[in-house]
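# Inside the fold
Spelled out from the first residue to the last, the chains are:
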Amino acid sequence: MSTTVSFPRTLAIGIFVYDGFEPIDVFGFAEAFTIARFLGTSYANPPAFPFEVRLIGRKIGPVKSSNGPSVLPDQDFDAALGAPPDLLMVPGGSGSWPLLDEAADPQGVAALLEWIRQMDSKVSVMASVCTGAAVLARAGLLDGRPAATNHAAFAWVAQQGPQVLWDSVSRWVDAGNYTTSAGVSAGTDLGFYLVSRLAGRAVAENAVAAAEYDWHRDPQSPIYYPPRAQF
């Protein structure tokens, strides 16, 4: 007699990609979700999976990462608004600065921030890695909330949201519907944390083992202590 196993709904993880995004911000974060499996299944099992990852771009077409490969988004902005993911993450990278340069592209910046605000009303969790926090901060989503960002770019990012309660030490910060991480590999740590939060600690620990990743589980015990934040 066969038994049909019923799993929870697969959650959609959206990642915004733009010219100059940092590859590890996207792919390290994505791997935490793509390698995760429901309990009782293995890496080799077919779907259902706890998560599916979608790349979202302004339009459908190649998007060049910072000193790395190009990717092809699965959705454009309009499609993401019509079929929003459960979580949306904004990565960092060298493209963060031109992405928010109102002097060079005022209409483009305004359109991006409006899209971010609209997506905020549709998703359960807004996340950022590294300097991606600058986008959430400029959109006003982090005002009055604690947030983290890349330590090396801390001063610039903090200027994008002077009312944000910036944390210059933690590897990531969970502020409920908004989760932000510091730079580079901290985004992968945040990814596994969000797997734990959304699918359970056992799923996250199994994913970490499958990825053979050294997960820094405690955001309050950073591996790098930056200089005292100054503006």
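Because the structure is predicted, anything quoted here is derived from the model rather than measured.

What follows concerns the pairing of strand β10 (residues 178-181). Here β10 shows two buried faces, one formed by Y178 and T180 and the other by T179 and S181. Pairing geometry for strand β6 (residues 125-128) and β10, over three bridges, is parallel. Bridge pairing in β10 places S128 opposite T180. Pairing of strand β9 (residues 172-174) with β10 involves three bridges; the strand directions are antiparallel.

Here we take up the environment of L88. Examined against the element boundaries, L88 turns out to sit in strand β5 (residues 87-90). Each C-alpha atom of the pair L88 and I13 lies 6.2 Å from the other, and the pair is 75 residues apart in sequence. Once residues lying within four places of it in the same chain are set aside, the contact partners of L88 are G14, I15, F16, I56, W115, I116, M119, V123, V125, M126 and A127.

If you look at the biggest cluster of nonpolar residues, it comprises 66 residues, and the most contacted ones within it are F29, L112, W115, I116 and W166. Sequence-distant contacts of I116, defined by excluding residues within four places in its chain, comprise L88, V90, M126, V135, L136, A139 and L141.

On inspection of all chains with the given rule, the structure shows 13 aromatic pairs. Judged by centre distance (5.1 Å) and plane angle (50 degrees), the rings of F29 and F33 are tilted. You can see F29 and its partner F33 sitting in helix α1 (residues 23-34), four residues apart, about one turn around the helix. Accessibility assignment for this pair places F29 and F33 in one class, buried.

Going through the model one piece at a time under the given rule, you end up with seven salt bridges. The salt bridge partner of D189 is R171, with a shortest N-O separation of 2.6 Å. A residue pair is termed long-range when its members are at least 10 positions apart, and D189 in helix α7 (residues 186-199) and R171 in the loop between β8 (165-167) and β9 qualify at 18 residues. D189 sits in the buried class, given a relative accessible area of 0%. In this structure, the salt-bridge partner of R197 is D174, at a minimum N-O distance of 3.0 Å. Note that R197 is positioned in helix α7 and D174 in strand β9, a separation of 23 residues in sequence. According to the relative accessible area criterion, R197 is partly exposed, its value standing at 34%. Counted as one network, the salt bridges with shared partners bring together R201, E205 and R217.

It is the contact of α1 with α7, at a shortest axis distance of 8 Å, that shows an interaxial angle of 25 degrees. As summarised for this structure, α1 and α7 are arranged roughly parallel, according to the angle between their axes. Crossing handedness for the pair α1 and α7: right-handed. Touching I24, G28, F29, A32 and F33 of α1 are G187, T188, L190, G191, F192, L194 and V195, all from α7.

Residue position: Q75 is located in the loop between β4 (70-71) and α2 (77-82). A polar contact is formed between the side chain of Q75 and the backbone oxygen of A83, at a distance of 3.3 Å. Residue contacts for Q75: discarding those within four places in its chain leaves R54, L55, I56, G57, I60, A80 and A83.

Here we come to the packing of α7 against helix α8 (residues 201-211). Relative orientation of the contacting elements α7 and α8 amounts to 145 degrees, with a least axis distance of 7 Å. Between α7 and α8 the crossing geometry is right-handed. In this structure, α7 contributes F192, V195, S196 and A199 to the contact, and α8 contributes R201, V203, A204, A207, V208 and A211. A breakdown of the residues in the contact of α7 with α8 according to their chemical character gives eight nonpolar, one polar and one charged.

Our next topic: the sheet that holds β6. An order of β2-β1-β5-β6-β10-β9 is seen for the six strands of this open sheet, with the pairing classed as mixed. In this open sheet, the two strands that pair with only one neighbour each are β2 (51-56) and β9. Direction aside, the axes of adjacent strands within the sheet are offset by 15 degrees on average. Sheet analysis places β5 next to β6, joined by four bridges and oriented parallel. Counted as the bridge partner of M89 is A127 from β6. Lying on the sheet, helix α4 (residues 106-120) is in contact with β1 (11-16), β2, β5, β6 and β10; it crosses β5 at an angle near 150 degrees.

The rules behind these values
- Residues numbered from 1 in each chain as written.
- Predicted model: local features only at pLDDT ≥ 70, side-chain atom pairs only at ≥ 80, totals over all residues.
- Heavy atoms only, no water.
- Buried < 20%, exposed > 50% of the residue type's maximum accessible area, 1.4 Å probe, protein only.
- Helix = DSSP H or I, 4+ residues; strand = E, 2+ residues; numbered from the N terminus.
- Pairing = 2+ DSSP bridges.
- Contact = heavy atoms within 4.5 Å.
- Core = buried A, V, L, I, M, F, W, Y, C linked by side-chain atoms within 4.5 Å.
- Phe/Tyr/Trp six-rings, centres within 6.5 Å; stacked < 30°, edge-to-face > 60°.
- Salt bridge = Lys/Arg side-chain N within 4 Å of Asp/Glu carboxyl O.
- Axes fitted to C-alpha atoms, helices over the stretch in contact; angles between N-to-C directions.
- Parallel < 35°, antiparallel > 145°, perpendicular 65-115°, else oblique.
- Left-handed = near helix turned anticlockwise from the far one by under 90°.
- Polar contact = N/O pair within 3.5 Å; in protein donor to acceptor, adjacent residues only side chain to side chain.
- Nonpolar A, V, L, I, M, F, W, Y, C, P; charged D, E, K, R; others polar.

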